[in-house]
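# Observations on the model geometry
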Amino acid sequence: MTVAVLFASSGGMGDVGKCAVMQALNMEQVNVRPLSLSFNGHGGGQWRPVDVADQHLQAEVNSCFRSFTYPIKEIDVGDPGAQAKLEAELQGVDVVVACLGHRQMFRRRWMTKAAQQVVTAMEKKGVTRLVLLSSAGVGNDNVRRSLPGAAWRGIRRLANMRANSDLRRMENVVKGTNLDYALIRPVDFRPECEPKGVWKLVRSVQDGPLARSISKFDVSAFMLQEALDPSVSRDAVTIGQDFDEVGREMKDKKDKETKAKQERQEKANKERQDKRDKDKKERHEKQERIKKEKEKKQ
């Protein structure tokens, strides 16, 4: 199966696409076709390292890009010839995994424009399956939130209205086609989040709450899973880590840290006590020597 992975050349959403490229390269049944996208020269260059705290994972992604024997194609979606280039790249492709644009504030918005070009190219080339990265908080994401969580969501929406608007319009472009699409809406993917290899999907509020963040590697792994073995068809799904499971992990981690701290404290106390006992013994021995020497002189 030939999977085209389209990724923004910079930003967190593009990082998910870069992770997908690396993961697809390790799949025997997949022929991956990476494609780097940018807009009017902003964020060009697919060699920017992914923003993850784990240096080993970052190096692994960089290494996978260097392993290609041909230069990875770059397309500026603001270029007049972008549509034709996209169509040429999607020739012979079975499924498209797309991570377009970014969610950062004060940046040019081009997810909708890129989505329009991508779906047009897919339709012309007869590619029917699209797995598209979107974001939690777009439309009815069915995420159950606490009162503080809902307030924080409202603040973020106000602060990043242009990005949310672009995401909604991007989704609407895809929904208006006959493609077999899956809209993947992750919660925040923070650099410090470590891959767990498991995730939770939310399709209704009855599915329960999600933790605040998820690893980029886990999101990309799920997107590839949907590319190869679809379970979401013409629908959106929110992905994150199980709130209760993360809570248990945090509690376990805190308990381990508390236990380790207690053990360190006990060890330090024992070392201090041993030193006091040793000093006391040495003083006693010294006093005994002095006493014996006095008795001997007498």
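The notes below deal with the structure included here.

## Focus on the sheet that holds strand S4 (residues 95-99)
Across the sheet, which stays open at both edges, the eight strands sit in the order S3-S2-S1-S4-S5-S6-S8-S7 with mixed pairing between neighbours. In this open sheet, the two strands that pair with only one neighbour each are strand S3 (73-76) and strand S7 (200-202). Across the sheet, the mean angle separating the axes of adjacent strands is 25 degrees when strand polarity is ignored. Seen against the sheet, helix H1 (residues 12-25) touches strand S1 (2-8), strand S2 (31-38), S4 and strand S5 (129-133) and runs at an angle of roughly 150 degrees to S1. Along the sheet, helix H4 (residues 111-125) contacts S1, S4 and S5; its crossing angle with S5, the most-contacted strand, is approximately 170 degrees.

## Here we look at unusual backbone geometry
One non-glycine residue, Arg 234, lies in positive phi territory at about 50 degrees. Structurally, Arg 234 can be placed in the loop between helix H7 (216-228) and strand S8 (235-240). Judged by its relative accessible area of 37%, Arg 234 is partly exposed.

## Notes on the packing of helix H3 (residues 82-89) against H4
At their nearest, the axes of H3 and H4 sit 9 Å apart, and the two run at 50 degrees to each other. For the element pair H3 / H4, the angle class is oblique. In this structure, H3 meets H4 at a crossing whose hand is right-handed. Between H3, through Ala 82, Gln 83, Leu 86 and Glu 87, and H4, the contact on the second element is made entirely by Gln 117, Val 118, Thr 120, Ala 121, Lys 124 and Lys 125. The class makeup of the residues in the contact of H3 with H4 is four nonpolar, three polar and three charged.

## Some remarks on the pattern of salt bridges
The tally for this structure, following the rule as stated, stands at 11 salt bridges. Across the pair Asp 15 and Lys 216 runs a salt bridge whose closest N-O atoms are separated by 2.7 Å. Taken together, the residues Asp 15 in helix H1 and Lys 216 in helix H7 connect sequence positions 201 residues apart. Given a relative accessible area of 4%, Asp 15 falls into the buried group. Here the salt bridges share partners, and the residues they tie into one network are Arg 129, Asp 180 and Glu 226.

About the criteria used
Residues numbered from 1 in each chain as written. Predicted model: local features only at pLDDT ≥ 70, side-chain atom pairs only at ≥ 80, totals over all residues. Heavy atoms only, no water. Pairing = 2+ DSSP bridges. Helix = DSSP H or I, 4+ residues; strand = E, 2+ residues; numbered from the N terminus. Axes fitted to C-alpha atoms, helices over the stretch in contact; angles between N-to-C directions. Contact = heavy atoms within 4.5 Å. Buried < 20%, exposed > 50% of the residue type's maximum accessible area, 1.4 Å probe, protein only. Parallel < 35°, antiparallel > 145°, perpendicular 65-115°, else oblique. Left-handed = near helix turned anticlockwise from the far one by under 90°. Nonpolar A, V, L, I, M, F, W, Y, C, P; charged D, E, K, R; others polar. Salt bridge = Lys/Arg side-chain N within 4 Å of Asp/Glu carboxyl O.

Keep in mind that these numbers describe shape and distance, not what the molecule does.
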